[in-house]
Amino acid sequence: MKKILIALLTVYLTACSSSDTAKYYQLTTPPGGALTHTSSAGLVQQPKRLWIQSINLPDALAGTGIAFQTSDVQYRIAEQNLWASPLDQQLQQSLVTNLSNLLPNWLVTNTLTDGQPDSLTVTITAFQGRWDGHALVKGYWLYQHQEETTRQPFEIVVPLKDDGYQALVQALSSAWYQEAQQIASRLND
């Protein structure tokens with residue numbers, strides 16, 4: 001009986017010590033991406049206003065685990081490699097930061113301001129790594145300007161520079177920044 005207890009205790013301690021600890025990841029901004037543009041004191045021009053209304057995610061991406069596509073039809077959601085904060089919040093905040101820098105004459109915010117600001121809603125259908133060594137960001141956005149609505153689909157594929165979740169998160173961040181550049185370009189037209 002004593003040998004069985006020692007064996008069970010050994011198995012239990014081995015299982016506890018060999019378990020991986022969770023790693024948490026946050027999307028990045030490009031170098032200089034955290035800088036914000038300030039207007040000169042002499043300017044009184046009212047900036048255009050853009051409200052990032054929401055980022056919509058499918059249930060599979062709304063959880064804490066980072067998604068990885070293992071084939072055309074199979075996906076794996078990581079159990080030990082997790083988002084540091086909800087992905088929709090990270091995507092929204094980085095989009096506000098990136099568009100604020102890319103559109104210096106606009107006031108970009110994730111809170112509704114007075115009046116009738118233009119609004120942007122983004123629906124993400126894919127935000128994951130793939131078996132072929134690439135990160136995929138796919139979806140569409142809706143831009144509302146007065147009574148006009150513009151719908152724009154997007155799909156960005158970025159190669160991973162290395163193996164592992166850190167390289168995946170960096171590639172996803174790069175793809176998301178590329179989409180912010182495309183949105184800014186479209187809004188400046």
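Residues numbered from 1 in each chain as written. Predicted model: local features only at pLDDT ≥ 70, side-chain atom pairs only at ≥ 80, totals over all residues. Heavy atoms only, no water.

Caption draft 1: Broad picture of the packing of aromatic side chains. Per the counting criterion, the structure on display carries one aromatic pair. Look at tryptophan 83 and phenylalanine 127: their rings are 6.2 Å apart centre to centre, the planes differ by 50°, and that puts the pair in the tilted class. Remark: phenylalanine 127 occurs in strand 6 (residues 118-130) and tryptophan 83 occurs in strand 4 (residues 75-83); sequence separation between them is 44 residues. (Phe/Tyr/Trp six-rings, centres within 6.5 Å; stacked < 30°, edge-to-face > 60°. Helix = DSSP H or I, 4+ residues; strand = E, 2+ residues; numbered from the N terminus.)

Caption draft 2: The pairing of strand 2 (residues 48-56), seen in detail. Both strand 2 and strand 5 (residues 106-109) contribute to a ladder of four bridges, which runs parallel. The residue bridging lysine 48 from the neighbouring strand is tryptophan 106, located in strand 5. In terms of strand pairing, strand 2 meets strand 6 through six bridges, oriented parallel. Paired with serine 54 across the bridge in strand 6 is threonine 121. (Pairing = 2+ DSSP bridges.)

Caption draft 3: The confidence of the model for the chain, seen in detail. Here the chain shows a mean pLDDT of 86. Residues at 70 or above account for 81%. Across residues 5-18, where pLDDT falls below 50, the model places zero contacts with residues more than four positions away in sequence or in other chains. Confidence drops under a pLDDT of 50 for residues 34-42, and excluding neighbours within four residues, the segment shows eight contacts in the predicted structure. (pLDDT = per-residue confidence, 0-100. Contact = heavy atoms within 4.5 Å.)

Caption draft 4: Looking closely at unusual backbone geometry. Phi is positive for glutamine 146, close to 55°, though the residue is something other than glycine. Following the sequence through the fold, glutamine 146 ends up in the loop between strand 7 (134-145) and strand 8 (148-159). Look at glutamine 146 and you get exposed, because its relative accessible area is 62%. (Buried < 20%, exposed > 50% of the residue type's maximum accessible area, 1.4 Å probe, protein only.)

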